[in-house]
Each structure stands twice: as structure tokens, then as C-alpha cells.
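# An overview of the molecular structure
For reference, the chains in residue letters:
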Amino acid sequence: MKNGVVIVGAGHAGVQAAASLREDGYDGPVILVGDEDELPYHKPPLSKTFIKDAEAKPQPLRGEAFYTGSAIDYRPGVRIDRIDTRRRSLDIAGGGALAFDHLILATGSRPRTLPLPGADLSGVLSLRSLADARLIRDLSAQSDEIVILGGGFIGLEIAATLRATGRTVTVVEAVDRLLGRAVAPVVASHVRQRLEATGVRILTGTSIARLDGENGHVTAAITSSGERLPARMVIVGIGAMPNVELAQSAGLGIANGIRVDHQMRTSMPEILAIGDAASYRHWFTGGDVRLESVQNATDQARLAARTISGHTDAYSAVPWFWSDIGDMKLQMVGLTAGGDSHVVLGDLPENKFSIYHYAGDRLLGIESVNRPGDHMLGRKMLGAGFSPTQETVAEGPDGLKAALAAFQQDEPARAAG
Ligand SMILES: Cc1cc2nc3c(=O)[nH]c(=O)nc-3n(C[C@H](O)[C@H](O)[C@H](O)COP(=O)(O)OP(=O)(O)OC[C@H]3O[C@@H](n4cnc5c(N)ncnc54)[C@H](O)[C@@H]3O)c2cc1C
């Protein structure tokens, strides 16, 4: 245990892994290395509040005192270039090495880029880090017209946030609906209607052919049908790709992310991977996934710490996610791919409803808009392994709570066989 644990990546997953190691009683060295120059911070507020408020400060994941108080050696502004698996050592960019007994790769993901003429003009940005958010905030203060490429969660959050500051915002999405396959069509069209009602222009089924500029700065996005969308800022939000290069060069297994088992171990057991960068077979669906959410990052971090401390439990956290788009709090629990029917609770015109997705008689997940109670109850139901009938869902929250309580009361009898 002399070299302890080195964690590469000081985002949501890396910081939680360091904290969990200490909470679990790990008493060897813990070194947390991150290539950003910041105290590790919460990413979700960047697209929701930070970019519209010149006074907003980043929200630290933990206070500065946490790192010293927990004997976590946090090293900001340090990039790891290479893993020497034979020597169990990391090469630091610019020189130096760092030895480890266990390594946790928490390298996250980065925005996909668009291979488009004009994509290298200034004013063409994407949002991943605090540094990106500062650039967007500064430039949006001087930009009346903004074009956002991509109608996913981050693009739509930014659209709503900047529209609320009075900017002219156009969202361009290549496929014929918003939010890809992340939510049901009824949720996607609800989000579209409400955003359009605030004045956001949304073009679906539309591609961008090129970006035009003057003096090196973007001035317009040109659609493939030739429409000119004036823009002083273009934000590219077309998804993220996992940062796997370190792992790849070390010969670790890669499949849409760094491949890990149910204890977060890569193909080399002393190296673990967690968060946006990791892909794995999900206990809930039996399918291979790579999830980009705070829940996934922090729950995997807790499990990786347990694995290093010698526990053998398997990953079994219920997946959940949230997104704030204007006046809509979207919350998702479970994984709904493969659903074949659904039940709706609540009221779309009131902007408060939930969709309960089923495959046969199994509840797969719930998508809620401004119904946080449904979401929390959903987390409890899926966490307990309880799948209510669609008739019980139709009874509403009281019926569901009673059914869950009855299910939990019967647990001892079920366990006994
Ligand atoms: C704008 C925005 C809004 C979001 N909103 C939500 C939301 O509302 N709800 C939700 O659940 N999720 C949201 N997410 C997703 C969530 O933030 C991510 O899933 C989460 O940050 C993943 O954590 P991570 O630790 O795996 O990666 P990250 O938090 O990205 O951390 C990875 C860190 O590793 C560093 N790194 C990479 N390679 C190296 C290297 N070689 N050497 C040193 N350091 C390295 C990176 O620079 C980065 O700092 C949002 C993300 C963004 C960008």
C-alpha cells in the first residue's frame, strides 16, 4: 500500500472516489490529479444558471478544507499522458511520474466536434468545463443572435437559459425530434412547445452546411437548404465522447468507453474506471451502457472505493438523471429503452406530468416533468425491485405508495421462499 491510490480526473466521479475511500477507512495515500486549474466544481449549473449571470461563482464539489482535512493530495493543473502498467506508474505531461498501487480512471468525456467548414472560427464554442462556461458567458453578453447546434439536454438547457436573458436563440437539430431517444416523443414535443412559446426558434430535421465568418469570427450558420441564420456565437452541443485515450494506450479493454466489470475493474484489476468514461453491462437492463450523469459518476465512485477496500459487492444503483430546461424540471429514473407501453399521470397543459414506461408488465422507468414526488417514489420502487401494475399507476401516488408498502411488508415472506 505504499503508493496508494491515484485518481486521474477531478470531476464528479474522481472527487467522490477520493471521499469514499476515506469514508470507507482507506488509510493509504490518495492522490487526486486533474488537468483543470480549478477547485473541483459542479457541472450541471454551468448550463442552467452560470452562463446567464455575470456574478455567478462556480459551486465547489467540496470546500478546499475537505482535501487537506481528509489527507487527499489534490493536484490541479496536472495532466496524465501515459500509464506504464508494468511499473504501475503514470507519466505526467511536462515531466515527472506518479506511482500507484491502484489507479482509478475518472477522465470523463468531452464534447463531440462537428467536421464543418467554419467550425474553427472564433465564437464557435461547446460547453463542458468551467473555462468553456466563462467563454460562453462573456461572449453571450455581446451576442444578440445565438445558434445552438444540437437539440439534446445541454443544448436545450443553454437555449432556455440564454433566451431568458433576451437573446435571439435558434436551435438546429439534424433529426426530426428533440432529445434523441433519451425521452418519450410526448415529452420531447412538450419541451419543444414550451421552449417555442418563450421565443426559442427550433429547426428539426435540419443540418448545417457551413459556418460563415468575418475577420475570423463567426457571423452565421448556413443550413443545407441555404437558410442563413445570423450568429455571433454558435454553440455545438451534439453529444460527448468518452476520454479513453489513456486507457487505450495502456491496452485496457475499450468498448464505447473504458470497459469495466460489475465492480468497476478494467481488464487490469488494479486499474478501475468510473463515470462518463466507463462502459459496462447494466444490471437493470442486461444491455451495455455508458451513462453520462452525476448519479452514475458518484455511485460508481462509491463502489470503486469499496472494491479497493476489499469488498465484493456488484454495481446495483438505480440510474437517474435530471435536467432543467426553462420552467421544466425533467427527472428520469430507470432505463426506458425497449419499452412497449406507457401510462401518463398528471396534466400536460399544466406542465406537470409523468410517463411510466413498461416492457410487458415490468416497469422500466419514469420520466417526470415538474412532478418530483413521482420521481422520488419511482426511485424507491425501482430500488426495491417493485413493479406496480399499470392499473395501480393509474390510481396515482397514494395507490402507488400503498402498493409499495405492501410489497415491502411481504419481503420477508418472499425471501423465505
Ligand atoms: C454543462 C453540463 C450540464 C450537465 N447537467 C447535468 C444534469 O443536469 N444532471 C446530470 O445528472 N448530469 C449532468 N451533466 C453530466 C455530468 O456533469 C457528468 O455526467 C459528470 O460530470 C461525469 O463525471 P466524471 O467525473 O465522469 O467526468 P467529469 O466531471 O467531466 O470529470 C473528468 C475530469 O477529468 C479530467 N481529465 C480528463 N483526462 C485527464 C488526464 N489525462 N489527466 C488529468 N485530468 C484529466 C477532465 O478535465 C475533467 O476535469 C452535465 C454536464 C455538463 C457538461
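Our subject is the structure that appears above.
These lines cover the structure that appears in this document, whether it is placed above or below. Just so we're clear, the structure is a prediction, and the values are computed from it rather than from any experiment.

The helix and strand tally for the chain stands at twelve helices and 26 strands. Rg of the C-alpha trace for the chain: 23 Å, near the compact-globule value of 22 Å for 417 residues, within the 12% margin. With the C-alpha coordinates aligned to their principal axes, the bounding extent of the chain is approximately 60 × 60 × 35 Å. By residue count, 51% of the 417 residues in the chain fall in the buried class. Residue pairs in contact within the chain that sit at least 24 positions apart in sequence constitute 61% of those at least 6 positions apart. Element-wise, carbon and sulfur atoms account for 50% of the exposed surface of the chain, whose accessible area totals about 18300 Å². Both charge centroids of the chain, one from 42 positive and one from 48 negative side chains, sit 2 Å from each other.

So, on to the site of the ligand. What surrounds the ligand is a group of 31 residues, the closest being Asp-35, Glu-36, Lys-48, Arg-128 and Asp-276. At a separation of 2.7 Å, an oxygen atom of the ligand approaches a polar side-chain atom of Asp-276. Within the backbone of Val-294, a nitrogen or oxygen atom sits 3.0 Å from an oxygen atom of the ligand. For the ligand, whose free accessible area comes to 990 Å², the fraction covered by protein is 95%.

With that out of the way, let us pick up the packing of aromatic side chains. With the rule as written, the count across this model stands at seven aromatic pairs. On the basis of an interplanar angle of 75 degrees and a centroid distance of 5.0 Å, the ring pair of Phe-66 and Tyr-67 is categorised as edge-to-face. Among the residues examined, Phe-66 registers a relative accessible area of 18% and is labelled buried. A relative accessible area of 4% means that Tyr-67 is categorised as buried. Ring centres 4.9 Å apart and planes at 50 degrees place the aromatic pair Phe-153 and Phe-321 in the tilted group. With a gap of 168 residues between them, Phe-153 in helix H5 (residues 153–163) and Phe-321 in strand E22 (residues 320–325) connect regions that are remote in the sequence. Note on Phe-153: relative accessible area 16%, which makes it buried. Phe-321 sits in the partly exposed class, given a relative accessible area of 22%. Aromatic ring contacts, followed pair by pair, group Phe-66, Tyr-67 and Tyr-74 into a single cluster.

Reading guide: rules and limits
- Residues numbered from 1 in each chain as written.
- Predicted model: local features only at pLDDT ≥ 70, side-chain atom pairs only at ≥ 80, totals over all residues.
- Heavy atoms only, no water.
- Helix = DSSP H or I, 4+ residues; strand = E, 2+ residues; numbered from the N terminus.
- Rg over C-alpha atoms; globule rule 2.2 N^0.38 Å.
- Buried < 20%, exposed > 50% of the residue type's maximum accessible area, 1.4 Å probe, protein only.
- Contact = heavy atoms within 4.5 Å.
- Areas by Shrake-Rupley, 256 points an atom, 1.4 Å probe, with all protein chains shown as cover.
- Lys, Arg positive; Asp, Glu negative; His and termini not counted.
- Charge placed at Lys NZ, Arg CZ, Asp CG, Glu CD.
- Near = heavy atom within 4 Å.
- Polar contact = N/O pair within 3.5 Å; in protein donor to acceptor, adjacent residues only side chain to side chain.
- Phe/Tyr/Trp six-rings, centres within 6.5 Å; stacked < 30°, edge-to-face > 60°.

Remember that the coordinates give geometry; whether it matters functionally is a separate question.
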